[in-house]
Amino acid sequence: QVQLVESGGGLVQAGGSLRLSCAASGHTFSSYAMGWFRQAPGKEREFVAAISWSGGNTYYADSVKGRFTISRDNAKNTVYLQMNSLKPEDTAIYYCAAAYVPPTTVLAGTGLYNYWGQGTQVTVSS
């Protein structure tokens, strides 16, 4: 079992930055690939970014590529999402997720992750 708790969400103006954190507990964090997803009102949950458990591989949705950066600190059992140049369309609840997979694997599908956090709200004003 893995428990995930997101933090760092909030209200920011367009063009601003936020850094989300996801703290994991309960199992060997370094054995899990991690992902960030988001869900806006009335829309399906969508993939944002993913990172392998080694940290060597990352993958991004086209909508955030060049603006968001995913990283992890296995010593702190934490994965981060640095979000720069935020846009109003980035407004959503952001979720982190964990999947027990081989070391270099990154996953983009919501159905491929085993564990989910409760989410943190990000609101970008225009």
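For the structure given in this document, a descriptive report is provided here. (Residues numbered from 1 in each chain as written. Predicted model: local features only at pLDDT ≥ 70, side-chain atom pairs only at ≥ 80, totals over all residues. Heavy atoms only, no water.)

Here we look at the environment of Gln3
Formally: Helix and strand assignments follow DSSP, with helices taken as H or I runs no shorter than four residues and strands as E runs no shorter than two, numbered in order from the N terminus. For each residue, the accessible area found with a 1.4 Å probe, counting protein chains only, is set against the maximum for its type, and the residue is called buried under 20%, exposed over 50%, and partly exposed in between. The contact criterion used is simple: two residues touch if any of their non-hydrogen atoms lie within 4.5 Å.
Inspection of the secondary structure puts Gln3 in strand S1 (residues 3-7). For Gln3, a relative accessible area of 39% gives the class partly exposed. The spacing of Gln3 and Cys22 is 19 residues in sequence and 9.8 Å in space, taken between C-alpha atoms. Ignoring sequence-local partners within four residues, the contact set of Gln3 consists of Ala23, Ala24, Ser25 and Gly26.

Some thoughts on the side chain of Asp90
Condition: Polar contact is defined as a pair of N or O atoms within 3.5 Å, subject to the rule that within protein one atom must be able to donate a hydrogen and the other to accept it, and that residues adjacent in sequence are counted only when both atoms are side-chain atoms.
For Asp90, the location among the structural elements is in the loop between strand S8 (78-83) and strand S9 (92-100). Only 2.8 Å separates the side chain of Asp90 from the backbone nitrogen of Lys87, close enough to count as a polar contact. Residues in contact with Asp90, not counting those within four places in the same chain, are Arg38, Arg67, Phe68, Ser85, Val122 and Val124.

Some words on the packing of aromatic side chains
Test applied: Pairing of aromatic side chains requires ring centres within 6.5 Å, counting the rings of Phe and Tyr and the six-membered ring of Trp. Pairs whose planes differ by under 30 degrees are stacked, by over 60 edge-to-face, and all others tilted. Placement of a charge over a ring requires the Lys NZ or Arg CZ to be within 6 Å of the ring centre, with the centre-to-atom vector within 35 degrees of the ring normal.
Going through the model one piece at a time under the given rule, you end up with seven aromatic pairs. Where Phe37 meets Trp116, the ring centres are 4.9 Å apart and the plane angle is 55°; that geometry is what we call tilted. Separated by 79 residues along the polypeptide, Phe37 in strand S4 (residues 32-39) and Trp116 in strand S10 (residues 115-116) bring together distant segments of the chain. Taking the relative accessible area as the measure of exposure, Phe37 reaches 0% and is therefore buried. Put simply, the rings of Phe37, Phe47, Tyr59, Tyr113 and Trp116 pair up and form one aromatic cluster. For Arg45, the ring lying beneath its charged end belongs to Tyr95, and the centroid distance is 3.8 Å.

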